[in-house]
Structures are given as structure tokens and as C-alpha cells.
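Chains, contacts and geometry: an overview
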Amino acid sequence: MTSTLRVADRVAFVTGAGSGIGQASAIRLAEEGAKVICADIDLAAATATADQIIGQGFFAEGYGLDISDSAGCAKAIDYTVEKFGAIDILVNNAGVNLPGVFHEVSNETIDRTLNVNVKGAMYLTRAALPHMLKNSRGSIVNMSSVNGLVSEPYLSVYSASKGAIVMFTRGIALDYAKTGIRCNAICPGWVDTPINHAHAKMLGGLDHVYKTIDSFQPIGRPGTSREIANVVLFLASDESSFMTGSIVSADGGMTAQ
Ligand SMILES: NC(=O)c1ccc[n+]([C@@H]2O[C@H](COP(=O)([O-])OP(=O)(O)OC[C@H]3O[C@@H](n4cnc5c(N)ncnc54)[C@H](O)[C@@H]3O)[C@@H](O)[C@H]2O)c1
């Protein structure tokens, strides 16, 4: 009997799976039948996500990876293909947000932001593509941000990295459009996860941000990681088979203004 699960037996590699949106995406993909490699720079957190998924009766494995390490990314994809036979879904989700007044930001902030948010996605995509080409099948989902489309105070470097992801997504989509490989990006609005805490502090604290969230996110509340994970699942699955190069906002109306 054919499975009715939405990504049955697909092999999915999810970065930043130890927390927030990556964790929710790993869980959502596993619930719908994927074998999920939960990668994170924090191996304990990645393993905890995998354990949670296994505890729910689904399939997952934790993997420690700093996505800014190109050799490490190549090794991680090789490991995945050797162990699970393929890589069908790549979710380039891991990221950092190091806010600051631009004339005061350090080289370290600029380098780390671009190395993780931009180069990490490039390294993994480059490593995964040959395997996807062999199977004429693949879905790459990149996590951009509303800040890939519009900026906000203190986020010049982060916004630049997320804008790069928008254009990287379009470039990959075009180059591989006829191969069975699709590449799309998601632009979430403010979602309740730890990545925003430093930015919230600069804006007057998380409580203040949430009390005044109406002023920038019309839906009037932060998003949840699972709400973004549902979009990841849709783009990862064949339900989005006519979509490639799409930049999908999931932002409570923020960029509708
Ligand atoms: N939360 C939001 O409001 C929001 C909005 C738009 C976009 N995003 C994007 O969503 C993605 C996920 O963020 P989140 O909100 O779940 O944040 P989060 O802080 O909860 O999770 C980020 C995860 O990435 C991991 N990570 C950081 N650097 C890494 C590296 N070098 N290698 C591997 N893993 C690394 C962290 O350990 C962490 O587990 C990010 O790309 C972020 O920019 C988030």
C-alpha cells in the first residue's frame, strides 16, 4: 500500500535542529515519514531533538556540525548518503543573529554572520547536489527572513546575510530547474525563539517587544516554530512540486505593509 505520509521514506538533513524552527521542522518532517538527520553545532541539543523524535516513534539521528566548516559539511552529507542511501531534503535553517550599530560591529560579527548564514547554506547545498542529481530528485529549503526583504534597526549585517539567501535560492532554482531538484526559501517574521533575544534586548526587552508587536507584525503575536515548520514541510514535499525559486513569507502580515 502506498503511504499517505507527506514525505514518506525521504531522507532529510536539517541544520539548526537543536532549537526553535529547526527542531520543529525536524519533528514535522519525521511525523510525516522522513528519516531525519538533526544537525546542530550543539551536538547535545541535536541529540535531544533526535531522542524526542525517536520517543514519538519516528526516525531521527543527531549529528554535530558547524556549518561554517566546508569540509565538515561535505563529510556530513557523505555520511548521510552512505548511511541512509540518499539525501532528498536539505533544510538550510541554522543561523545566527548578532545585532549591532553598524559602525561598531566587529570583524568577528561580520565574518560569523556571513560564514554561518550564507556560506553554511552554500557548502551544504554544494555537497548535496551531486547526490540529488543522481536521483533526479531533491528539495532544498533555505531559511531566509523578513529581513531578507526589509530591514530593521540594528540588523544590517543579518539582513545582508538573509538577502543573500534570497538570491542564492533563486540562483540554485534556475541552475537546476530541469533536473528534478527544487530550491525555495522561507521568510519568517518574528518567531518566539532564542535567536531574537539579543535583538529584543536592544529594542527594550522581550516583554516590551511582545507588548508592542502590533506595531510591526499585524497579526499581533509572535509566530511559533511549528507554524514555520509547516511551511518547511510543504516546500520539502511533492505538494509544492510546481514551486522553485519561490520566496515564501510566513510573517503574520509584516511585509504586507
Ligand atoms: N526566530 C525568528 O524570529 C526568525 C525569523 C526569521 C528567520 N529566522 C531564521 O530561522 C533560522 C532558525 O532560527 P531559530 O529562530 O530557530 O533560532 P534558534 O536560536 O532557536 O536556533 C538556531 C539553531 O542554529 C544553531 N546554530 C547556530 N550556529 C550554527 C552553526 N554554525 N552550525 C550549526 N548550527 C548552528 C544553534 O545552535 C541553534 O540550535 C535562522 O536561520 C534564523 O535566522 C528566525
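The structure presented is a predicted model; accordingly, all values stated were derived computationally and were not measured.

Here we take up the packing of aromatic side chains. Applying the stated criterion across every chain, the model contains 5 aromatic pairs. Plain terms: the ring middles of W190 and Y210 are 6.5 Å apart, the flat faces sit at 80° to each other, and that makes the pair edge-to-face. With W190 in the loop between β6 (181-188) and α6 (197-202) and Y210 in helix α7 (residues 206-211), this residue pair connects regions lying 20 residues apart in the sequence. Given the relative accessible area of 5%, W190 is considered buried. Judged by its relative accessible area of 25%, Y210 falls in the partly exposed class.

Read across the open sheet, the 7 strands follow the order β3-β2-β1-β4-β5-β6-β7; overall the sheet is parallel. Only two strands of the sheet have a single partner each, and these edge strands are β3 (60-64) and β7 (247-250). Taking the axes of each pair of neighbouring strands and ignoring which way they run, one obtains an average angle of 20° across the sheet. Bridge count between strand β1 (residues 11-15) and strand β2 (residues 35-40): 5 bridges; the pairing is parallel. Note on β2: the bridge partner recorded for F13 is I37. Its contacts with the sheet put helix α1 (residues 20-31) on β1, β2, β4 (89-92), β5 (138-143) and β6, and the angle it makes with β1 is roughly 170°. Contacting β1, β2 and β3, helix α3 (residues 70-84) crosses the sheet at an angle of about 155° to β3.

Between α1 and helix α8 (residues 225-236), the least distance of the axes is 8 Å, while the angle of their chain directions is 50°. As judged from the angle between their axes, α1 and α8 are oblique. Read as a crossing pair, α1 and α8 show a hand that is right-handed. Taking contact as the criterion, the partners of G20, I21, A24, S25, I27, R28, L29 and E31 in α1 are, on α8, S225, R226, I228, A229, N230, V232, L233 and A236. Taken together, the residues of the contact of α1 with α8 break down into 9 nonpolar, 4 polar and 3 charged.

Parameters at a glance
Residues numbered from 1 in each chain as written. Predicted model: local features only at pLDDT ≥ 70, side-chain atom pairs only at ≥ 80, totals over all residues. Heavy atoms only, no water. Phe/Tyr/Trp six-rings, centres within 6.5 Å; stacked < 30°, edge-to-face > 60°. Helix = DSSP H or I, 4+ residues; strand = E, 2+ residues; numbered from the N terminus. Buried < 20%, exposed > 50% of the residue type's maximum accessible area, 1.4 Å probe, protein only. Pairing = 2+ DSSP bridges. Axes fitted to C-alpha atoms, helices over the stretch in contact; angles between N-to-C directions. Contact = heavy atoms within 4.5 Å. Parallel < 35°, antiparallel > 145°, perpendicular 65-115°, else oblique. Left-handed = near helix turned anticlockwise from the far one by under 90°. Nonpolar A, V, L, I, M, F, W, Y, C, P; charged D, E, K, R; others polar.

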